[in-house]
Each structure stands twice: as structure tokens, then as C-alpha cells.
Amino acid sequence: RDSHANSAVLVRNEKDRDEAHAVNPDDDGGVAFQFQQGSQFVRDFIVGLEHIQTKAGLAPVISKSKSRQGVSVVVGVPTVLRQTKSYILDTLASLFRSMNQKDRDDALIVVFIGETDVNRAKQVASSIEERFPDELESGLLEIISPPPGFYFDFAKLEPTFDDKMERMVWRTKQVLDYAYLMLY
């Protein structure tokens, strides 16, 4: 199934989010990542992002946040701007409708806008802000988008699985999008 056709929802515990990462500049201005013991996959993944040389290279270009902490559930909703219908507003409305006040007080919903064009990302963020100002103000909803430099030159991808370049770029970008959201 084409996962970009619908917004996907990822759920994880706030405690895991806090323990999963810490980003600190190292002595030479590069980025040092510290992960829980046993997260070899994450360490290997970071090596693949060597084009990011500073902490600023990971800072979201869009970040709408009240820095809510201490919640039990964090829901990540990745989205990209589509040429046809966008599902993000309907997805968020459905999530918010299904939450009672207790749920709203103990959750955080992070929308990840996976756009390399900052103006397009701002367009999506603006539509979310206009439709859900109360959820943003309360801290229930956050919006993030990575800087364009987070994505490397996809033309350098090595062919795998006999896939066409378009499929490889889509798959690689999707993995990077989900990784950025989970690292957040």
C-alpha cells in the first residue's frame, strides 16, 4: 500500500522519547548523539547522515510547540503536501474528536511535515494552525518540519532490489521522514 496516500500514525511512550535521544554539539562543532545502550540500528542510521555536520542541521525549520512534557502517549502523524486531496486536517480532526479531556491532558500529537520546499511546508503548517488553534495553544498539538539540508542528495543512492530510482527515492525519503519524527 502507498503509505503516502494516507497519513500514518505512530504511537510511542513519552518516557521512551525522552530516553531515546539527546543531541549535543561535540567539541569540534559536529553533532554527537547519545542513545540507549543496544540501539545499534540508530547508531548505524546516524552514520548515514554524515552530511549533517552541526546540531543546527537537525533543528526543525518549522517548530510550533508549547514543549508539553510528562504525557503518557505521543502520537506522530507524518504528512506531505499532495497534488490531490490532503488528509492531514481530516486525520487530526478525527483524532481530536475521539479524545476526551483526560486523553487531551495526557497526550501529545506531533505533526511531521516532510517537505523539502520550505514554502510548501509553511503552507501545510498554516492550514493546521488555522484549523486547530486551541489544540496548539493547549500544547496538545505540535508541528515540526526538518530543514531542507536534512535530506541528502538522493541521486547518490545505490540501486537496491532492482527498484527504479523514483521508488528508491520515495522509500529512502519515507525512512528519513519517520526517523526524524522518532528522533524528535
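To start, this report covers the structure provided alongside it. (Residues numbered from 1 in each chain as written. Predicted model: local features only at pLDDT ≥ 70, side-chain atom pairs only at ≥ 80, totals over all residues. Heavy atoms only, no water.)

## Things to note about the environment of Met168
Under the convention used in this document: Secondary structure is summarised from DSSP: a helix means a run of H or I of at least four residues, a strand means a run of E of at least two, and numbering begins at the N terminus for each. We call two residues in contact whenever any of their non-hydrogen atoms come within 4.5 Å of each other.
Secondary-structure assignment places Met168 in helix α7 (residues 165-183). Distance in space between the C-alpha atoms of Met168 and Glu158 is 8.8 Å, their sequence separation being 10 residues. Apart from residues no more than four positions distant in its own chain, Met168 is found in contact with Leu157, Glu158, Pro159, Thr160 and Asp163.

## Points about unusual backbone geometry
Spelled out, the test is: Relative accessibility thresholds used throughout: buried, under 20% of the residue-type maximum; exposed, over 50%; partly exposed, between the two (1.4 Å probe, protein chains only).
Although it is not a glycine, Ser67 adopts a positive phi angle of roughly 55°. Along the chain, Ser67 falls in the loop between β4 (62-64) and β5 (73-79). For Ser67, a relative accessible area of 53% corresponds to the exposed category.

## Considering the pairing of strand β6 (residues 107-113)
Where we set the bar: For two strands to be treated as a pair, DSSP must find no fewer than two bridges joining them.
With respect to burial, β6 is a largely interior element, seven of its seven residues being buried. Of the two faces of β6, the one holding Ala107, Ile109, Val111 and Ile113 and the one holding Leu108, Val110 and Phe112 are both buried throughout. With seven bridges joining them, β5 and β6 adopt parallel strand pairing. In the strand pairing of β6, Gly76 is matched with Val110. Here β6 pairs with strand β7 (residues 141-145) via four bridges, running parallel. Paired with Val110 across the strands is Glu142, a residue of β7.

## Here's the deal with the pattern of salt bridges
Defined as follows: Here, a salt bridge means any side-chain nitrogen of Lys or Arg that lies within 4 Å of a carboxyl oxygen of Asp or Glu.
Applying the stated criterion across every chain yields a total of seven salt bridges. Among the salt bridges present, the one from Arg104 reaches Glu135, with a minimum N-O distance of 3.6 Å. With Arg104 in helix α4 (residues 101-105) and Glu135 in helix α6 (residues 133-138), the pair connects residues that are 31 residues apart, well separated along the chain.

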